[in-house]
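So the chains spell out like this:
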Amino acid sequence: MSEEHEGRLERLSGMLKRRGFLLPAFEIHGGAKGLYDFGPVGGRMRSRINQVWLDHWLKLGNIVEISSPTVTPYSVLEASGHVGEFSDFMTLCRSCEEASRADTLLEPHHPNPDALKRSELQDLLDEVNPACPACQAKDWSEVSAQNLMFNTTIGAGDSGRPGFLRPETAQGMFTSFNALYRHFRERLPFGAVQVGKGYRNEIAPRQGMIRLREFNMAELEYFINPHTPAEADLTPWDDHPLTLIPDGTSEVLLTLSDATHQGIIRHPTIAQFIGITYDFLAHVGIDTARLRFRQHESDEMAHYALDCWDAEIEGSYGWIECVGIAHRGCYDLESHEKATGKTLRARREFDEPRTTTIDAWTINGATAGPAFKAQAGMVKQAVEALPKETPFPCTVSLSDGTSVEVGEEHVKPNQKTIKETGEWYIPHVIEPAFGIDRIIWHVLDHSYQEVTKNDEMYVRMELSDTVAPVDYAVFPLFEKDGMDQKAWKLHQQLCQTLGVVSMYDGSGSIGRRYARADEIGVPKCITIDHQSLEDGTVTIRDRDTTEQVRISMESLLQSA
RNA sequence: GCGAGCGUAGUGUAGUGGUUAUCACCGGGCGUUGCCAACGCCUGAACCCGGGUUCGAGUCCCGGCGCUCGCACCA
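About the thresholds
Residues numbered from 1 in each chain as written. Chains lettered and ligands numbered in written order. Predicted model: local features only at pLDDT ≥ 70, side-chain atom pairs only at ≥ 80, totals over all residues. Heavy atoms only, no water. Helix = DSSP H or I, 4+ residues; strand = E, 2+ residues; numbered from the N terminus. Rg over C-alpha atoms; globule rule 2.2 N^0.38 Å. Contact = heavy atoms within 4.5 Å. Polar contact = N/O pair within 3.5 Å; in protein donor to acceptor, adjacent residues only side chain to side chain. Patch = residues over 30% accessible without salt bridge, like charges linked within 9 Å, V, L, I, M, F, W, Y side chains within 5 Å. Areas by Shrake-Rupley, 256 points an atom, 1.4 Å probe, with all protein chains shown as cover. Salt bridge = Lys/Arg side-chain N within 4 Å of Asp/Glu carboxyl O. Lys, Arg positive; Asp, Glu negative; His and termini not counted. Charge placed at Lys NZ, Arg CZ, Asp CG, Glu CD. Buried < 20%, exposed > 50% of the residue type's maximum accessible area, 1.4 Å probe, protein only. Pairing = 2+ DSSP bridges. Axes fitted to C-alpha atoms, helices over the stretch in contact; angles between N-to-C directions. Phe/Tyr/Trp six-rings, centres within 6.5 Å; stacked < 30°, edge-to-face > 60°. Domains from an automatic or database assignment.

## Some details on the overall build of chain A
Reasoning step 1: Looking only at helices and strands, one finds 18 helices and 28 strands in chain A.
Reasoning step 2: In terms of overall size, chain A is more extended than a compact globule, its C-alpha atoms giving a radius of gyration of 32 Å where 560 residues would be expected to give roughly 24 Å.
Reasoning step 3: The C-alpha extent of chain A, read off along each of the three principal axes, is 115 × 65 × 55 Å.
Reasoning step 4: In chain A, of all internal contacts separated by at least 6 residues, the share reaching a separation of at least 24 is 65%.

## Some words on the side chain of Thr72
Reasoning step 1: Within the fold, Thr72 resides in strand 4 (residues 71–73).
Reasoning step 2: Within the local environment of Thr72, its side chain forms a polar contact with the backbone oxygen of Thr70, the two atoms lying 3.1 Å apart.
Reasoning step 3: When neighbours within four sequence positions are excluded, Thr72 is seen to be in contact with Leu77, Ile154, Gly163, Phe164 and Arg166.

## Some thoughts on unusual backbone geometry
Most peptide bonds take the trans form, and the phi angle of most residues other than glycine is negative.
Reasoning step 1: Omega for the bond connecting Leu188 with Pro189 falls within 30 degrees of zero, at 0°, which places this linkage in the cis form.
Reasoning step 2: Mapped onto the secondary structure, Pro189 falls in the loop between helix 8 (177–183) and strand 10 (190–199).
Reasoning step 3: Positioned with a positive phi, Arg185 is a non-glycine residue whose angle comes to about 55°.
Reasoning step 4: Looking at the secondary structure, you find Arg185 in the loop between helix 8 and strand 10.
Reasoning step 5: Positive phi, close to 65°, is recorded for Asp455, a residue that is not glycine.
Reasoning step 6: As for its placement among the helices and strands, Asp455 is situated in the loop between strand 22 (448–453) and strand 23 (456–461).

## Some remarks on a negative patch on the surface
Reasoning step 1: On the surface, Glu120, Asp123, Asp126, Glu127 and Glu142 cluster together into a negatively charged patch.
Reasoning step 2: What makes Asp126 exposed here is its relative accessible area of 52%.

## Some details on the pattern of salt bridges
Reasoning step 1: Tallied over the full model, the rule gives 26 salt bridges.
Reasoning step 2: Between Glu431 and Arg328 there is a salt bridge, and its shortest N-O distance comes to 3.9 Å. On the criterion of sequence distance, the pair formed by Glu431 in strand 21 (residues 428–435) and Arg328 in strand 16 (residues 318–329) is long-range, its members being 103 residues apart. This pair shows no difference in class: Glu431 is buried, exactly as Arg328 is.
Reasoning step 3: Glu337 serves as the salt-bridge partner of Arg345, at 2.9 Å between the closest nitrogen and oxygen.

## Details of the sheet that holds strand 28 (residues 548–552)
Reasoning step 1: Ordered in space as 25-24-26-27-28, the five strands form an open sheet in which the pairing is mixed. Strands with a single pairing partner mark the edges of an open sheet, and in this sheet they are strand 25 (502–504) and strand 28. Pairs of neighbouring strands in the sheet enclose a mean axial angle of 30°, with direction left out of account.
Reasoning step 2: Here strand 24 (residues 472–476) runs beside strand 25; their pairing, made up of three bridges, is parallel. Residue pairing across strands places Val474 opposite Tyr504, the latter belonging to strand 25.
Reasoning step 3: Most of the contacts of helix 15 (residues 483–496) go to strand 24, to which it runs at about 165°, and overall it touches strand 24, strand 25, strand 26 (524–528) and strand 27 (537–542).

## Quick look at the sheet that holds strand 3 (residues 63–65)
Reasoning step 1: Strands sit in the order 3-10-11-21-16-15-14-12-13 across an open sheet of nine strands; the sheet is mixed. Strands at the two margins of the open sheet, each flanked by one partner only, are strand 3 and strand 13 (252–254). Across the sheet, the mean angle from the axis of one strand to that of its neighbour is 25°, orientation sign disregarded.
Reasoning step 2: Pairing analysis gives two bridges linking strand 12 (residues 242–245) to strand 14 (residues 291–295), with the strands arranged parallel.

## A word on the environment of Ala192
Reasoning step 1: One can find Ala192 in strand 10.
Reasoning step 2: Classification of Ala192 by relative accessible area gives buried; the value is 0%.
Reasoning step 3: Measuring from C-alpha to C-alpha, the distance between Ala192 and Ala170 comes to 9.4 Å, with 22 residues separating the pair along the chain.
Reasoning step 4: Residues within four places of Ala192 in sequence aside, it is in contact with Val64, Met173, Leu180, Glu219, Leu220 and Glu221.

## Considering the packing of aromatic side chains
Reasoning step 1: Taken as a whole and judged by the stated rule, the model has 17 aromatic pairs.
Reasoning step 2: Ring geometry for Phe177 and Tyr181: centres 5.7 Å apart, planes at 15°, overall stacked. Note that Phe177 and Tyr181 are positioned in helix 8 at a spacing of four residues, about one turn of the helix.
Reasoning step 3: What links up through ring pairs into an aromatic cluster is the set Trp53, Trp57, Tyr222, Phe273, Phe280 and Phe434.

## Some details on the domain arrangement of chain A
Reasoning step 1: Parsing chain A into structural domains produces domain 1 (3–71 + 154–332 + 429–437), domain 2 (87–147), domain 3 (349–418) and domain 4 (470–559).
Reasoning step 2: Here the C-alpha centroids of domain 3 and domain 4 sit 87 Å apart.

Here you go:
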């Protein structure tokens, strides 16, 4: 990073703090690492970006929005794998006090130490006793788990049970699957989105908004039927190829259709979601020349993932992953099924009903029950496995290892035809997960323009109209002769218009007020001057061109 | 978590252990000004927190918190 760029980053951060976009949280108490406030300007921008994000996905027509708690019981995150996945097992060198990850130390001695439980790691560590990478000593403390989730207790005292603040919003969509399935009249594909906070107790938060302990995220869980041919309309993106970095290779410029036909993108829905992600990022003001999609290498992906692409955006901190689009297979629903014993499945009907004909033996409950008592169930299982030709009486071996003599009176012919018209299957999931804070950061970074005006540096935030925190700034040319009252009234009328945010500024010279508005990216400045008092017209000045046009207040209010 | 550097008004900064802590931009008020950070006058605002050394600490020492960078970690 050049010095010029570092200076720019410092000036940008200073401006964001000074003007109320982003501020370190709880600063008067000394601050708190990895926690930020969206200020009086940034707060509005955040909610607009959240709304634009929702709008983009709701367009699909089969998406609903839900909201689940951030406080999450232990068992939910145990089932999802987070209790295991989000823990690092640490051990301290007793000689130099350097902390090391136990699995990293043991890598040369085990094919996959990352998968070991704490006690197994402890045993292996005791057995191998590797040298400390820092001081070469061989004296390790007990292995302890450092979990990256925030612990909490749900409920007070003895009735409390352990829980966590959620590390992602996704689990709420999975645990709500059955309600979603009913809502969509049991027809796939469908999706649920959630925009909200996630929490990770990062060991070392860094780089401002890039790694936070509490962050805004927006996720879609899109449930699909893996038995139907995957298809998606990729033609909307045929006229602009995207920068892709396929698994283990270098950048290529390809349309989503081509990348899918060539098998680079392994599922058309992934390709479609990459396209929607591209549209969303462009819409909120990301410079698409500094956007690329990188495919995870197979050893980088979670074991259950079938394909995964990250949207990476280049900014002051280099290329940063801001979106992950993953084909998660049936992993999540299956995990919650196993943990709870509940069914999280969808029904599909076969093209042709499948019939199975059985023509063999089963037990006669009236006689076999009293005869075999507790073993009757096992006898039934064993008898039903026997071929039709079996003569009775006959000795059968049971699954508990014992054998019993089954007589003719204990059995009866079992003849039936089972017709199955369909089956229950676990849907597959495609998950686009957005780090909203990282995206907001890059929107700000890409919008921030330092230009020269009258030989001085002049700052302008070229935010798109859709995400600008303020739509209109209203200025009286001077705060006298009734221009101030008229300007204030227009400001109020604008604020009363649904979805419009106006800001009144009557302090300092008119040029200073334009400069202040430009710095927070207000697209249009309206000035009430002497002529306004006479004919009800105002000037509207465009942020980027500084051109002014005069229109009537009436038509302004109608078009706002 | 380890190591190094840093922490002074809203922002950016100056400050040999010794006056009322510097400067600029900034914010507010009044005046002036017929549209792009104009001008004049007035005014507001800071030594991260806690100990210690000293007659005296923004300055030196220790601890904490925070920030930046590197290692480690994470996505």
